[in-house]
Amino acid sequence: MIPALPITGGCLCGAIRYQAAEPPSGGYFCHCTMCQKSYGGLFMTSLKFASTAFATVRGDVTYYRSSRIAERGFCINCGSPLVFRYDNVENVWVSLGSLDRPFDWPLTAEAAWGEVKHVCIESKVPWYSIADGLDQRPLEQMVSRNAALGVCGRSAISSSPEDARSTAAPFGARHPERTSR
Ligand SMILES: [Zn+2]
Ligand SMILES: [Zn+2]
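The following refers to the structure shown. Remember, it's a predicted structure, so these values are computed and weren't measured experimentally. (Residues numbered from 1 in each chain as written. Chains lettered and ligands numbered in written order. Predicted model: local features only at pLDDT ≥ 70, side-chain atom pairs only at ≥ 80, totals over all residues. Heavy atoms only, no water.)

A look at the packing of aromatic side chains
To describe a pair of aromatic rings, one takes the distance between the centres and the angle between the planes.
Step number 1: Counted according to the given criterion, the structure contains eight aromatic pairs.
Step number 2: On the numbers, 5.0 Å between centres and 40° between planes, the contact of Y18 with F54 is tilted. Here Y18, found in strand β2 (residues 17-20), pairs with F54, found in strand β5 (residues 54-58); they are 36 residues apart in sequence, far enough to count as distant.
Step number 3: Judged by its relative accessible area of 13%, F54 falls in the buried class.
Step number 4: A ring pair is formed by F84 and W93, whose centres lie 6.2 Å apart and whose planes are at 70°; its orientation type is edge-to-face.
Step number 5: Feature note: the residues Y18, F49 and F54 constitute an aromatic cluster, connected by ring pairs.
Step number 6: One Lys or Arg, R85, reaches over the ring of Y63 and ends 3.6 Å from the middle of that ring. (Phe/Tyr/Trp six-rings, centres within 6.5 Å; stacked < 30°, edge-to-face > 60°. Helix = DSSP H or I, 4+ residues; strand = E, 2+ residues; numbered from the N terminus. Buried < 20%, exposed > 50% of the residue type's maximum accessible area, 1.4 Å probe, protein only. Lys NZ or Arg CZ within 6 Å of the ring centre and 35° of its normal.)

With respect to the nonpolar core
Step number 1: The biggest cluster of nonpolar side chains holds 23 residues, and the ones touching the most others in it are L47 and L99.
Step number 2: Ignoring anything within four residues of it in the chain, the contact list for L99 reads I7, T8, G9, Y18, L47, V94 and W105. (Core = buried A, V, L, I, M, F, W, Y, C linked by side-chain atoms within 4.5 Å. Contact = heavy atoms within 4.5 Å.)

Focus: the coordination of the zinc ion (ligand 1)
Step number 1: Surrounding the zinc ion (ligand 1) are the protein donor atoms C11 (SG), C13 (SG), C75 (SG) and C78 (SG), which sit 2.3 Å from the metal.
Step number 2: On the basis of relative accessible area, C11 is assigned to the buried category, the value being 9%. (Donors = N, O, S within 2.8 Å, 3.2 Å for Na, K, Ca; no water.)

Focus: the environment of T8
Step number 1: Within the secondary structure, T8 is located in strand β1 (residues 7-10).
Step number 2: Once the C-alpha coordinates of T8 and V57 are considered, the two residues, 49 residues apart in sequence, prove to be 9.5 Å apart.
Step number 3: Apart from the residues lying within four places of it in its own chain, the contact partners of T8 are R17, Y18, Q19, L99 and D100.
Step number 4: A polar atom in the side chain of T8 sits 2.6 Å from the side chain of D100. (Polar contact = N/O pair within 3.5 Å; in protein donor to acceptor, adjacent residues only side chain to side chain.)

Quick notes on the sheet that holds β5
Step number 1: Judged by pairing direction, the sheet is antiparallel, and its three strands sit side by side in the order β1-β2-β5 without closing on themselves. Looking at the sheet topology across the chains shown, the edges are occupied by β1 and β5. Mean inter-strand twist for the sheet, computed between neighbouring axes without regard to direction, equals 30°.
Step number 2: Sheet topology note: the β2/β5 ladder contains four bridges and is antiparallel. Residue pairing across strands places A20 opposite F54, the latter belonging to β5. (Pairing = 2+ DSSP bridges. Axes fitted to C-alpha atoms, helices over the stretch in contact; angles between N-to-C directions.)

Shown next, in the form of structure tokens:
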């Protein structure tokens, strides 16, 4: 049973409100270093929606270009992270906690509403243990080698994904840019 549509949400201060006309197709815990910085937590939790089903109904999302192939949307007034999107990909990833009813979309192994998994686990904070039984995917299983190298902007000097991983890029090679998810 699908929760009532549209799905609604917004930022902390209320300046931005959004709605989704269709249910999400998946839920993700992303442990990449960029999501850790952007969300100020150990990982990002997000729901994947079709871009065409998602729209703001009040206020304007401000976008920060976090890499050359993706950007992150937030409220300029209160700073709440709201949306992640790749260039030329027909999906948006919406911060689970920004929904009015995040509890409607459990990110659990029993969830029947869509695909749910952990991604970019190679950069997970080591002392945090995942014990929810969900799939855990490293970056390399989700992106092509070239895309992985491109994420950190070091394609000219990196010769392998291992190089990308071991290089301490400030806005690192840790995000699943260009995934198949
Ligand atoms: Zn706000
Ligand atoms: Zn991430």
